[in-house]
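Next come the chains, spelled out residue by residue.
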Amino acid sequence: MSDSTLWWLLAGSTVALELFTGTFYLLMLAVGMAAGALAAHAGLGLVEQLIVAALTGSALVVAWYFVKKRRDGDPSVRSLRSVNLDVGEVLQIDEWNPDGTASVKYRGAQWTVIHRPGNPPTPGSYRVAELVGSRLLVDKV
């Protein structure tokens with residue numbers, strides 16, 4: 001069996017493994033293995049094939065890491081209205097405790113409310129931004 005066939009088999013099995021795990025980085029490594037196969041087709045020796053595969057796969061993994069790091073993260077699932085129907089509801093808060101929490105009656109129960117860091121807690125209307133544990137995180141309306 002030729003070197004290129006082994007590289008293509010490795011690349012294919014890495015893609016299959018990625019399909020089971022959902023790890024996008026494995027696709028980058030599979031591209032590196034495909035580069036190793038192309039190096040074998042070009043007639044390079046085994047050491048050169050390994051160097052081409054390693055450099056290509058590693059460079060793509062590092063590049064994808066920086067692309068992913070630069071993008072904004074996905075919003076918290078706890079802040080999605082489709083997951084939590086409390087998100088977006090408006091509460092009236094009359095008094096804040098010294099520890100930065102408040103207690104409000106909402107949906108027939110007492111809830112502990114916390115404000116988003118950086119916003120001073122003042123009495124008034126607040127919109128529920130997300131559910132943090134059993135507390136409501138709110139923003140000033």
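In case you missed it, the structure is sitting above this.
1. Considerations on the overall build of the protein
Of regular secondary structure, the protein possesses three helices and five strands. Element order for the protein, N to C, with α for helix and β for strand: α-α-α-β-β-β-β-β. For a compact globule of 141 residues, the expected C-alpha radius of gyration is about 14 Å, and the protein comes in at 26 Å, more than 25% above that figure. Taking the principal axes of the C-alpha coordinates as reference, the protein spans close to 75 × 25 × 20 Å. Burial status across the protein gives 30% buried among its 141 residues. Look at the contacts in the protein between residues 6 or more apart in sequence, and 43% of them connect residues 24 or more apart. Of the roughly 9200 Å² that the protein leaves accessible, carbon and sulfur atoms contribute 64%. With 12 positive and 12 negative side-chain charges, the protein shows a spacing of 6 Å between the two charge centroids.

2. Re helix α3 (residues 46–70)
Under the 1.5 Å per step criterion, the end-to-end length of α3 is 36 Å for 25 residues, consistent within 8% with the ideal 36 Å. Every buried residue of α3 is listed here: Q49, A53 and G57. Tucked into the core, α3 has its buried residues touching α1 (3–21) and α2 (24–41).

Criteria and thresholds
- Residues numbered from 1 in each chain as written.
- Predicted model: local features only at pLDDT ≥ 70, side-chain atom pairs only at ≥ 80, totals over all residues.
- Heavy atoms only, no water.
- Helix = DSSP H or I, 4+ residues; strand = E, 2+ residues; numbered from the N terminus.
- Rg over C-alpha atoms; globule rule 2.2 N^0.38 Å.
- Buried < 20%, exposed > 50% of the residue type's maximum accessible area, 1.4 Å probe, protein only.
- Contact = heavy atoms within 4.5 Å.
- Areas by Shrake-Rupley, 256 points an atom, 1.4 Å probe, with all protein chains shown as cover.
- Lys, Arg positive; Asp, Glu negative; His and termini not counted.
- Charge placed at Lys NZ, Arg CZ, Asp CG, Glu CD.
- Expected span 1.5 Å × (residues − 1).

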